[in-house]
Amino acid sequence: VWLLLLIPVLAQTPEGLTPGESVSSTLDANQSRNYQLTVGAGEYLGVSATPDGIDISLRVEDASGKPLAEVDRMREEGSEDAFLIAPAAGEYRVAV
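These numbers were taken from a predicted model, which means no experiment stands behind them.

## Quick word on the overall build of the chain
- Summing up its helical and strand segments, the chain has zero helices and nine strands in all.
- For the chain, the residues scored as buried account for 38% of the 96 residues in total.
- As displayed, the chain offers around 5,200 Å² of accessible surface, 48% of which is attributable to carbon and sulfur atoms.

See the structure below:
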């Protein structure tokens, strides 16, 4: 699975994300990875995850756990993409 954080972007300890950098990780069926980053109010958040032979979903939550975006296209090719404007400054979490 390739996760590309386009611009600033849930219960294992999340890995930190850096805006503009890509993260590569291997997932098996029924596994997930959690990431977090700090975003300012009104900042654009774009996240893209590309599977490699498995179906994945992508979820973005605010610090309280409120879901802000969730994408699951039920396919093993192509990317799952989530885009939003951060409603408030703070920590945001991304689950793949």
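That shown, we press on.
## Here we look at the sheet that holds strand 9 (residues 90-95)
- Here we have five strands laid out as an open sheet, ordered 2-4-9-6-7, and mixed in their pairing. Each edge of the open sheet is held by one strand with a lone partner, namely strand 2 (15-16) and strand 7 (67-71).
- Sheet topology note: the strand 6 (residues 58-62)/strand 7 ladder contains four bridges and is antiparallel. Among the inter-strand pairings, Leu58 is bridged to a residue of strand 7, identified as Val71.

## Observations regarding the nonpolar core
- Counting residues in each nonpolar core, the largest one holds 20 residues, and the members touching the most others are Leu45, Leu58, Val60, Val94 and Val96.
- At the level of elements, strand 4 (34-39), strand 5 (44-50), strand 6, strand 7, strand 8 (80-85) and strand 9 are the ones that each hand at least two residues to this core.

## Notes on the packing of aromatic side chains
- Applying the stated criterion across every chain, the model contains one aromatic pair.
- Between Tyr44 and Phe83, the ring centres sit 6.2 Å apart and the planes meet at 20°, which makes this aromatic pair stacked. Here Tyr44 is found in strand 5, whereas its partner Phe83 is found in strand 8, with 39 residues between them in sequence.
- Given a relative accessible area of 46%, Phe83 falls into the partly exposed group.

## Observations concerning a nonpolar patch on the surface
- A cluster of nonpolar residues, Tyr44, Phe83 and Ile85, forms a patch on the protein surface that exposes about 310 Å² of accessible area.
- Given the relative accessible area of 36%, Tyr44 is considered partly exposed.

## A word on the confidence of the model for the chain
- Here the chain averages 81 in pLDDT, and 85% of its residues register 70 or above.
- Below a pLDDT of 50 lies the segment residues 6-11, which in the model reaches 29 contacts outside its immediate sequence neighbourhood of four places, other chains included.

## Considerations on the side chain of Glu80
- Checked against the element boundaries, Glu80 lands in strand 8.
- Here Glu80 is in contact with Val47, Ser48, Ala49, Asp55, Ile56, Leu58, Val71, Asp72, Arg73 and Met74, once residues within four sequence places are set aside.

Reading guide: rules and limits
- Residues numbered from 1 in each chain as written.
- Predicted model: local features only at pLDDT ≥ 70, side-chain atom pairs only at ≥ 80, totals over all residues.
- Heavy atoms only, no water.
- Helix = DSSP H or I, 4+ residues; strand = E, 2+ residues; numbered from the N terminus.
- Buried < 20%, exposed > 50% of the residue type's maximum accessible area, 1.4 Å probe, protein only.
- Areas by Shrake-Rupley, 256 points an atom, 1.4 Å probe, with all protein chains shown as cover.
- Pairing = 2+ DSSP bridges.
- Core = buried A, V, L, I, M, F, W, Y, C linked by side-chain atoms within 4.5 Å.
- Phe/Tyr/Trp six-rings, centres within 6.5 Å; stacked < 30°, edge-to-face > 60°.
- Patch = residues over 30% accessible without salt bridge, like charges linked within 9 Å, V, L, I, M, F, W, Y side chains within 5 Å.
- Salt bridge = Lys/Arg side-chain N within 4 Å of Asp/Glu carboxyl O.
- pLDDT = per-residue confidence, 0-100.
- Contact = heavy atoms within 4.5 Å.

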